[in-house]
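Now for the letters of each chain:
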Amino acid sequence: MDVIQLLTLAGVVVLVPTALAVYIIGLEYVVRLLPDAAQPRVRPWIWVTPALVFVALFLVYPTLGTIQISLLDRAGNFVGLANYATVFNDSGVIIAIRNNFLYWLVLYTVFVLVFGVLLAVLADRVRYETLLKSLIFMPMAISFVALGVIWKFMYSYQPADAPQTGTMNALVTTLFHAQPVTWLQDRAIDNPALIATAIWGFTGFAMVILSAALKGIPGDLLEAARVDGAGELTIFRRVILPLLMPTITVVGTTLVIFALKAFDIVYVMTGGNYDTDVLANRMYLELTKFNQPGRAGAVATILLLAVIPVLIFNLRQLRAVESRR
Amino acid sequence: MTVASERMAVPAGKAAQSTPQWLAGRLGGLALHVALISITVAWVVPTAGLFVSSFRDLNAITTSGWWTALAPPFKFTIDNYQHVLERNNLGTSFVNSFMIAIPATIIPATLAAFAAYAFTWMKFWGRDWLFLALVGLLVVPLQATFIPLLKLFTSLGLTGTFPAIWLAHTGYGLPFAIYLLSNFFRALPSDLFESAEIDGAGTLTVFFRIVLPLSVPAIASLVIFQFLWVWNDLLVALIYLGGSPDVSPLTVTVANLVNSLGQGYQWLTAAAFLSMIVPLVVFFSLQRYFVRGILAGSVKG
């Protein structure tokens, strides 16, 4: 079994790039047979077509297909917006929408950005900056599944008379002499508890990108402000923050996309129970557990509509960059 | 680093003139260090706690906190690791994760290199619009593709097999891969191409002899980024592989363990840690490239 797998792997790894190279080289020789004027018109398509076929087949076609499916019932009959009506009347979906837009989109995005900016600016002033950034960035490398497991342990609960095994409850009981908290079951605290996990995972991402942008601010500029007698806080508010704003916006859009698509952390830590459901998990359940492709398609289409503002923003950004070029 | 210390030097130099200001500066510096070090500790503790727990037996894990294991008597065991490797399919999943992630990295990287070259150094009808469409596709939620693709794979008999997930990840990864490589290729000096053309070098020579060798750092960033992305993916694997243990990657197996083991989860610690080994090794040894990939993905846009 292992030998067969190894051979398959080696075969794919060698064969696919070779086949693509043969395709490119072979067709290049064919193109050279064409009249000189036609060559530059044909050649680019040889290079882009394989990639475009993949993108069309695995992204564009299924996305349009999903919108179509959201308008059909299980037998494939057109039912208009009936699936959307069902979905919006489902209290579970309403809770998922609340969680995605209130907790994830707002709380998570704002906290990651605030922590990211603060850490980038503060770490810039110490000598162990590289080590510090590595350690805080580390959660970005591991899977959200592992992240969820790590925090499930942090949040683990034992009755008040037993010794606490979870770090969070140990802190709550010893530092604050309070009752241990069921972090992942208590409806008042479970969503923030999940968000805290995601913040822990993503702060490093925001910090690293913002830190790179911060290094790009000319030292002279800050120097000049200091010579003029500006305090560090004023410099931060009046010089650093405005200069970081474009980067903060870009990081923010990435976070917003992640917030809308959040799935793994919820799936692993609560399974969407106790009012912690999110749209992506809802869609997964409708598709796999309830076998309701129409409703799953409706939820997926809602997600798709929710990213459109970000999409338009990104395209505008790209246009602005292109015009400066 | 030097910039940072120079910036620090200014307030310190000024503060030397009067004692209270000097003291305030020192206290501020101390507060900064205390804050930063405690934040870093807070960031390391969760992972460290899981790591320590993974070497403790069930009884110890359920009756005392992981921090108690740091004081003597030291009672550590590798039973959890042995158990998950032998009984919970972790060994198979480990192989599966490689089986999924390596082709799902190499195929899109190759396709993207060809496409990005055409997008940056060739002129053709509709080029800018196509590139704009690719950037738009960067944000499309994968959820919006699952149902039709699942139908397609099922009709081809591919559901639950590796080729299905290789194909899916290739399609999903391509917009970002093309975007990242295009940004890099575009930054190459145009003199390079002009002089090569004057020397009579054809498209193939320019690509294979000039562009590719110069782009090794960008390609490395892309490969690392895509590899970790696929390695860490849960949702795509759940959808197209369907959770059968023979083909499940580590993420799916660990997520299933979370649900099946409930509270008795001493094995989960070891399983989670096994799933983190490869990303951590890649991250700490190739951090430079990984960070560059992430920067290319967001700052340049």
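What counts, and at which threshold
Residues numbered from 1 in each chain as written. Chains lettered and ligands numbered in written order. Predicted model: local features only at pLDDT ≥ 70, side-chain atom pairs only at ≥ 80, totals over all residues. Helix = DSSP H or I, 4+ residues; strand = E, 2+ residues; numbered from the N terminus. Contact = placed C-beta atoms within 7 Å. Expected span 1.5 Å × (residues − 1). Bend = angle between axes of the 7 residues up to and from the residue. Domains from an automatic or database assignment. Axes fitted to C-alpha atoms, helices over the stretch in contact; angles between N-to-C directions. Parallel < 35°, antiparallel > 145°, perpendicular 65-115°, else oblique. Left-handed = near helix turned anticlockwise from the far one by under 90°. Nonpolar A, V, L, I, M, F, W, Y, C, P; charged D, E, K, R; others polar. pLDDT = per-residue confidence, 0-100. Core = buried A, V, L, I, M, F, W, Y, C linked by C-beta atoms within 7 Å. Buried ≥ 20, exposed ≤ 12 C-beta atoms within 10 Å, placed from the backbone.

Is there a simple way to think about the overall build of chain B in this case?
A count of helical and extended segments in chain B gives 16 helices and zero strands. If you take every contact in chain B between residues at least 6 apart in sequence, the share linking residues at least 24 apart comes to 74%.

I'm lost on unusual backbone geometry in this one. Help?
As a rule of thumb, non-glycine residues mostly have phi less than zero, and peptide bonds are mostly trans rather than cis. Residue and element names in this part refer to chain A. Positioned with a positive phi, D275 is a non-glycine residue whose angle comes to about 60°. Its location among the elements puts D275 in the loop between helix 11 (264–269) and helix 12 (279–288). The phi angle at N291 is positive, at roughly 50°, despite the residue not being glycine. On the secondary structure map, N291 appears in the loop between helix 12 and helix 13 (293–324).

Looking at this structure, how should I read helix 10 (residues 232–261) of chain A?
Three or four residues apart is the spacing at which side chains of an α-helix point the same way, because the helix has 3.6 residues per turn. Here helix 10 of chain A spans only 38 Å end to end across 30 residues, well under the 44 Å set by a 1.5 Å rise per residue. Along helix 10 of chain A, the sharpest kink reaches roughly 50°, centred on M245(A) and followed within four residues by the proline P246(A).

Can you help me understand the domain arrangement of chain A in this one?
Interface size is commonly expressed as the accessible surface area that is lost when the partners come together. Residue and element names in this part refer to chain A. Taken domain by domain, chain A holds domain 1 (2–69) and domain 2 (91–324). Relative placement of domain 1 and domain 2: their C-alpha centres are 37 Å apart. Residue-level contacts link four residues of domain 1 with six residues of domain 2.

Would you mind showing me how to read the packing of helix 8 (residues 190–215) of chain A against helix 10 of chain A here?
The packing of two helices is summarised by the inter-axis angle and the distance between the axes. Residue and element names in this part refer to chain A. It is at 10 Å that the axes of helix 8 and helix 10 come closest, and there the two elements cross at 155°. On the basis of the axis angle, helix 8 is roughly antiparallel to helix 10. Seen from above, helix 8 lies across helix 10 with right-handed handedness. Contacts from F202, A206, I209, L210, A213 and L214 in helix 8 reach L244, T247, I248, V251 and L255 in helix 10. Of the residues assigned to the contact of helix 8 with helix 10, the class counts are ten nonpolar, one polar and no charged.

Is there a simple way to think about the confidence of the model for chain B in this case?
Detail in the predicted coordinates should be disregarded across regions flagged by low pLDDT. All names here are of chain B. On average, residues of chain B score 84 in pLDDT, and 89% of them are at 70 or above. With pLDDT under 50 throughout, residues 1–17 is counted as low confidence; its partners more than four residues away or in other chains account for 16 contacts. In the model output, the complex is listed with pTM 0.89 alongside ipTM 0.90.

Explanation requested: the interface of chain B and chain A in the structure shown.
Counting residues at the interface gives 89 residues for chain B, matched by 96 residues for chain A. Tallied by class, the residues present in the side of chain B that touches chain A amount to 65 nonpolar, 22 polar and two charged.

Help me understand the nonpolar core, please; the structure alone is not making it clear to me.
A general tendency of soluble globular proteins is for nonpolar side chains to be buried together. Core analysis: the biggest nonpolar cluster contains 175 residues, and A51(A), V149(A), A112(B), A115(B), I165(B), I178(B) and L181(B) have the highest contact counts within it. The element contributing the most residues to this core is helix 9 (residues 162–186) of chain B, with 16 residues. Not counting chain neighbours up to four residues away, the residues in contact with A115(B) comprise W47(A), V48(A), A51(A) and I178(B).

What is the right way to read the environment of D275(A) from this model?
All names here are of chain A. Since 16 C-beta atoms lie within 10 Å of it, D275 is described here as partly exposed. Along the sequence, D275 and V121 sit 154 residues apart, while their C-alpha atoms lie 36 Å from each other. For D275, the residues in contact, after removing those within four places along its chain, are I95 and R187.

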